[in-house]
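Geometric and topological summary
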Amino acid sequence: MSVISRGLTANGEARIFVLNSTDIVGEAINIHKCAPTAAAALGRVLSATSIMGCMLKNKDDSITVNFRCEGIAGGILAVSDYKGNVRGYIRNPKADIERKKSGKLDVSGIVGSGSVVVIKDEGQPEPYIGISKIVSGEIAEDITSYFAQSEQTPTLCALGVLVENGACRAAGGVIIQLMPFASEETISAVERNSVYLSNVSNLFDKGMTNDEIAAIALEGLPFNMFDDIDVSYLCTCSDERMLKALASLSPQELDEAFEEKDEISVECQFCNKKRSFTRDAIEKFS
């Protein structure tokens with residue numbers, strides 16, 4: 001089980017979210033059979049989306065983060081509920097290129113340019129849609145840019161995934177957001193401490209707790225961590241959801257789908273589970 005910890009500085013000028021997403025990313029890698037660089041890219045997006053999900057207010061709210069990228073990753077999408085339970089996929093799970101000279105996985109190299117599209121379904125007649133440009137392809141910088149451009153919220157985002165022998169050894173993220181009334185002292189402290197979060201996956205790999213990482217991120221600022229939330233990789237697909245989608249097809253489309261077939265199979269992009277349906281079952285659901 002992965003855990004999100006939430007906290008607030010004593011002066012109320014900054015809030016912090018720390019997520020150990022090792023289990024979430026490990027599950028995603030197993031489901032999608034990701035190559036190392038694809039695993040790091042997907043893991044970072046899942047981690048960010050999970051944290052952004054737990055910022056939602058109501059139990060039926062959800063958020064979708066879609067990296068519409070032009071690199072060989074082909075696109076990365078993640079969806080979270082209001083608790084931070086998350087699911088996602090990368091269109092090309094085999095996307096992998098040579099590591100950087102530093103030895104780090106070259107996530108930006110497989111992401112490339114494009115846009116970040118964030119959709120928040122918060123029970124309103126129309127969902128909120130925010131769009132910003134991919135500024136680096138490293139994911140964390142792109143999330144920071146999204147908050148600045150689309151929500152006008154000064155944000156620090158640090159994300160990391162450590163992949164070893166095809167598995168997730170450690171993964172996690174930190175998001176700090178400044179309130180509009182934040183003092184220069186608080187802003188300076190957050191900026192000064194950001195350098196210690198540049199390799200956040202290593203902090204989790206060393207066995208550091210969420211609270212210990214929060215203490216690094218907010219050094220010099222009194223703060224309180226007020227709750228922990230258990231989160232997981234959670235797919236919500238079901239027979240009913242798939243039948244509902246199939247029932248929206250026209251009779252002509254169904255004719256083409258069932259040509260010389262008694263059943264058609266549908267695969268969920270988030271969990272790769274396949275379900276088969278007869279035409280009779282689909283038409284009864286309509």
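Since the model is a prediction, treat every value here as computed from it, not as a measurement.

Calculation notes
- Residues numbered from 1 in each chain as written.
- Predicted model: local features only at pLDDT ≥ 70, side-chain atom pairs only at ≥ 80, totals over all residues.
- Heavy atoms only, no water.
- Pairing = 2+ DSSP bridges.
- Helix = DSSP H or I, 4+ residues; strand = E, 2+ residues; numbered from the N terminus.
- Buried < 20%, exposed > 50% of the residue type's maximum accessible area, 1.4 Å probe, protein only.
- Patch = residues over 30% accessible without salt bridge, like charges linked within 9 Å, V, L, I, M, F, W, Y side chains within 5 Å.
- Areas by Shrake-Rupley, 256 points an atom, 1.4 Å probe, with all protein chains shown as cover.
- Salt bridge = Lys/Arg side-chain N within 4 Å of Asp/Glu carboxyl O.
- Core = buried A, V, L, I, M, F, W, Y, C linked by side-chain atoms within 4.5 Å.
- Phe/Tyr/Trp six-rings, centres within 6.5 Å; stacked < 30°, edge-to-face > 60°.
- Lys NZ or Arg CZ within 6 Å of the ring centre and 35° of its normal.
- Axes fitted to C-alpha atoms, helices over the stretch in contact; angles between N-to-C directions.
- Parallel < 35°, antiparallel > 145°, perpendicular 65-115°, else oblique.
- Left-handed = near helix turned anticlockwise from the far one by under 90°.
- Contact = heavy atoms within 4.5 Å.

Attention now moves to the pairing of strand β11 (residues 263–267). Along any regular strand, the residues point their side chains to alternate faces of the sheet. The pairing of β11 with strand β12 (residues 274–278) spans five bridges and is antiparallel. Paired with Glu-263 across the strands is Thr-278, a residue of β12.

The next thing to look at is the environment of Leu-105. Within the secondary structure, Leu-105 sits in the loop between β5 (86–90) and α3 (107–111). According to the relative accessible area criterion, Leu-105 is buried, its value standing at 9%. Between the C-alpha atom of Leu-105 and that of Val-163, which follows or precedes it by 58 residues, the distance is 9.0 Å.

This part is about a nonpolar patch on the surface. On the surface, Ile-119, Ile-129 and Ile-131 cluster together into a nonpolar patch covering about 260 Å² of accessible area. You can see Ile-119 is positioned in strand β6 (residues 114–121). Overall, the relative accessible area of 31% leaves Ile-119 in the partly exposed class.

The next thing to look at is the environment of Gly-166. Relative to the assigned elements, Gly-166 resides in the loop between β8 (155–164) and β9 (167–178). Classification of Gly-166 by relative accessible area gives partly exposed; the value is 45%. Along the chain, Gly-166 and Ile-24 lie 142 residues apart, while their C-alpha atoms are 15 Å from each other.

Before going further, it helps to spend a moment on the nonpolar core. Counting 69 residues, the largest nonpolar core has Phe-67 and Ile-143 as the members making the most contacts within it. Ile-176, Ala-189, Leu-197 and Val-200 belong to the second largest nonpolar core, which has 21 residues in total.

Turning our attention to the packing of aromatic side chains. For the coordinates displayed, the defined rule picks out two aromatic pairs. The side chain of Lys-120 reaches across the aromatic face of Tyr-128, ending 5.6 Å from its centre.

Moving on, we come to the packing of helix α1 (residues 22–32) against helix α2 (residues 36–53). In contact at an axis separation of 9 Å, α1 and α2 are set at 135 degrees when each is read in the N-to-C sense. The angle between α1 and α2 places the two elements in the oblique class. Every pair of crossing elements has a handedness; the one defined by α1 and α2 is right-handed. Each of Ile-24, Val-25, Ala-28, Ile-29 and His-32 in α1 lies in contact with α2, whose residues at this interface are Ala-39, Leu-42, Gly-43, Leu-46, Ser-47 and Ser-50.

Right, let's get into the pairing of β12. Only one face of β12 is buried, namely the one carrying Arg-275 and Phe-277, since none of Lys-274, Ser-276 and Thr-278 on the opposite face is buried. With antiparallel pairing between neighbouring strands as the criterion, β11 and β12 make up a hairpin whose turn holds six residues, including Asn-272 at a positive phi of roughly 65 degrees.

What follows concerns the pattern of salt bridges. This structure, assessed with the given rule, holds ten salt bridges. One salt bridge connects Lys-120 with Glu-151, and the closest N-O pair in it is separated by 2.9 Å. You can see Lys-120 sitting in strand β6 and its partner Glu-151 sitting in the loop between α4 (140–150) and β8, a full 31 residues away along the chain. Judged by relative accessible area, Glu-151 falls into the partly exposed class, the value being 23%. Arg-279 serves as the salt-bridge partner of Glu-283, at 2.9 Å between the closest nitrogen and oxygen. A residue pair is termed a helical-turn pair when its members lie 3 or 4 positions apart in one helix, as Glu-283 and Arg-279 do in helix α10 (residues 279–285) at four residues. By relative accessible area, which is 42% here, Glu-283 ends up partly exposed. If you follow the salt bridges from partner to partner, you end up with Arg-44, Lys-100 and Glu-138 in one network.

All right, on to the sheet that holds β6 then. Taken in spatial order, the five strands of this open sheet run β5-β4-β3-β6-β7, and their pairing is antiparallel. Bordering the open sheet on either side are β5 and β7 (128–133), each of which pairs with just one other strand. Between one strand and the next, the sheet's axes are offset by a mean angle of 10 degrees, whatever the strand orientation. Relative to strand β4 (residues 76–81), strand β3 (residues 62–69) runs antiparallel, the two sharing six bridges. Within β4, the position partnered with Val-65 by the bridge is Ala-78.

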